[in-house]
Every structure is written in structure tokens, then in C-alpha cells.
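# Descriptive analysis of the structure
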Amino acid sequence: MTLSRRRLGRLEVGAQGLGCMGMSQSYGPADETESLATIHRALELGVTLLDTADVYGMGANEELVGRAIAGRRSSVVLATKFGIDRDNTAMGVRADPDYVRSACDASLRRLGVDHIDLYYLHRVDPNVPIEDTVGAMAGLVDAGKVSHLGLSEAGADTIRRANAVHPITALQSEWSLWTRDIEGSIVDTCRELGIGIVPFSPLGRGFLTGRVAADLPKDDMRRGLPRFVGENYDRNLAIVAALRELAAERGVTAGQLALAWVQNQGDDVVPIPGTKRRTYLAENVAAAELTLSAEDMARIEATAGDVAGDRYQAELMKFVDR
């Protein structure tokens, strides 16, 4: 199969993208050979939007993606992000104009390319007016280093202010059956302004597939997320059980049904499920072609009516602009 196409603003991409973060951090040991093969297979299937960030693997993920697309640049819509400034002990946000320019140059070097197709502000810096940040990003467009601008986890007011400085092509935010806070004012604002929506973690960081064990490895970031801990984990298993019942009716997996629910939110929605394995890639891509009726959508939504736990710890939620 080959994916259909969708538009993020003026940018045409495959109807589903590939999140590459887990190839270098957060979800267990890296396997470069399989990760490269997964990216190559994604391109063969019509996945054109590859998503990375300068902070993933402290730059290693951009380098990996750069190696994967060498000789294939024309087939790729390359997206990366800046703005999370992380050391070994803490996470912060930085988006002043000087940092915008230096971060872009560093990403271009790691990726081994002369331009980035979609450049996101990873998190809004509360200490820098969004107009200053986007003004500097617009300068990158003028310089030919970036083609389109995006925001990640931005609120409706921030989106409007940013778009007034330079057209915003895409908003990347978490959106899944169990994370729906962008619905309403944020989605409505994007659609009013012609901004595409790129949901990350559309499978609930893997939980909605039913394949996430309660006893996660020590290097797995989900160990500290409230929804994956203790009683919350046990209560949330009911979501997966209900999804599996519905999925069996369609002859698909629970993960495919959860992903199809996101995929069917509109033609301006391009989810980026993350995987580092070709097997799961094929499963995800197949979900992009599942057509759901209004009744199907309502039944799927009903499975996640009572989600236990916040999506991040309190210290990380403060970086989400709402």
C-alpha cells in the first residue's frame, strides 16, 4: 500500500508521519540498523514527514535521521524542533533570537542538509515574547535555511500572535484518545488560520496498543509518567480491554483502532506515531486507511471515558502552553 496525501497549511505530506525520537532515547536501547531500515521502509510506504528534534538523544537522533535520508532528501519532508535546553539534571526552555539562529545552524550540521522543511519551536519560552522568537524563525526562512514554521504545545493565544508575525504551517501537540486538551479553542484556532495539526503520541506513548508492560525498564521515560504508575496503570488497562473488543469487530488491533481515531479527526491532521521497528511501522501505516463512521468514532471515544493520571509530572506540565 501507499499512503494518501494530506496538507499541513501549504505543505503536502503523506497522511501519516514517523516520529523518530524513540530511536535514540526514552524507550529502551537503540538499534541503529533496525531504525535506519524502519525509516527507509517508511519512505517506501509513502510516509514523507520525518519528525526529530535537537534534544532527542542530545543531537544523536538528528544525526541518525540525517544518515537515513542521505541520498533520499527529495523524498522527505524533514521536520525538527528547537527550544528545549536540557542538561543532565534538568530541563529548561530557551527561545531568544540568538538561540533560534544558533540552534538552527547546529541542526543543519547534524542533519547534513542545507535546509529544514518544517522547523518547530519545541516549547514556548515564557521569558521571550513569541513575536521575538517567531521573528527570528522568519529570518531563517528569509535566509533559505527553513521552508515552513511550526509550534509545539502552544496555546490558542500564542498561535494567533505567532501567526501574525509569520504564517504558521503546523501545530504539533499530543492528541490521542486519552489526551484531548487541544480539542476546542486550539483546534478551532488552527482551522480558522489554516494551520495543520500534527499529533504526537497518538497511541498514548504505546499504552493504547496493549503492549506496554507494568514493569518498564529503568531507562524508559514512561516509568515516571503518572498514567503508567501503580493504580493508574491498572485502571487504564480497562481502556485497552474495551478497545480490543471493538478492534476485534473490525479485524484490527487495539492500537490500529486508536490511531485511526486520531487519523479520522480531519484531513488537516497528520499523526506521527513513533516506532523503531518495521513491524509496528506497517501496523501503524495500515491504520491510516481505516475509515470510521460517526458511530465508530463515538464508540471508540467511549472506551477512554475515565483516564487515570495526568500525562506528565507537574514539573513537566508547566512547559505546556495553555
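For the structure, see preceding data.
How each quantity is defined
Residues numbered from 1 in each chain as written. Predicted model: local features only at pLDDT ≥ 70, side-chain atom pairs only at ≥ 80, totals over all residues. Heavy atoms only, no water. Helix = DSSP H or I, 4+ residues; strand = E, 2+ residues; numbered from the N terminus. Contact = heavy atoms within 4.5 Å. Pairing = 2+ DSSP bridges. Axes fitted to C-alpha atoms, helices over the stretch in contact; angles between N-to-C directions. Left-handed = near helix turned anticlockwise from the far one by under 90°. Nonpolar A, V, L, I, M, F, W, Y, C, P; charged D, E, K, R; others polar. Phe/Tyr/Trp six-rings, centres within 6.5 Å; stacked < 30°, edge-to-face > 60°. Buried < 20%, exposed > 50% of the residue type's maximum accessible area, 1.4 Å probe, protein only.

## Regarding the environment of Asn236
Relative to the helices and strands, Asn236 resides in helix 7 (residues 230-250). It is 6.2 Å that separates the C-alpha atoms of Asn236 and Val307, two residues lying 71 residues apart in sequence. With residues near it in sequence (within four places) discarded, Asn236 still touches Trp178, Phe207, Arg227, Asp306, Val307 and Ala308.

## Some thoughts on the pairing of strand 2 (residues 11-14)
Sheet topology places strand 1 (residues 5-8) next to strand 2; 4 bridges connect them, and they run antiparallel. Looking at the pairing, Arg6 lines up with Val13 of strand 2. Joining the antiparallel neighbours strand 1 and strand 2 is a turn of 2 residues, in which Gly9 adopts a positive phi near 60°.

## Points about the packing of helix 3 (residues 97-111) against helix 4 (residues 130-142)
Between helix 3 and helix 4, the shortest axis-to-axis distance is 8 Å and the interhelical angle comes to 35°. Here helix 3 and helix 4 pass one another in a crossing that is right-handed. From helix 3, Pro97, Val100, Arg101 and Cys104 reach across to helix 4, where they touch Asp132, Thr133, Ala136, Met137 and Leu140. For the contact of helix 3 with helix 4, the residue count by class is 6 nonpolar, 1 polar and 2 charged.

## Describing the packing of aromatic side chains
In this structure the tally under the stated criterion is 5 aromatic pairs. Between Phe82 and Tyr119, the aromatic rings sit 5.0 Å apart at their centres with planes inclined by 25°, giving stacked as the arrangement. Within this pair, whereas Phe82 is found in strand 5 (residues 77-82), its partner Tyr119 is found in strand 8 (residues 116-121), the two being separated by 37 residues in sequence. The burial state of Phe82 is the same as that of Tyr119; both residues are buried. On the numbers, 5.1 Å between centres and 25° between planes, the contact of Trp178 with Phe207 is stacked. Taken together, the residues span a long stretch of sequence, with Trp178 in the loop between strand 10 (168-174) and helix 6 (185-193) and Phe207 in the loop between strand 11 (196-200) and helix 7 at a distance of 29 residues. Phe207 shares its class with Trp178; the two are buried. Three or more aromatic residues joined by ring pairs form one cluster here, namely Trp178, Phe207, Phe228 and Tyr233.

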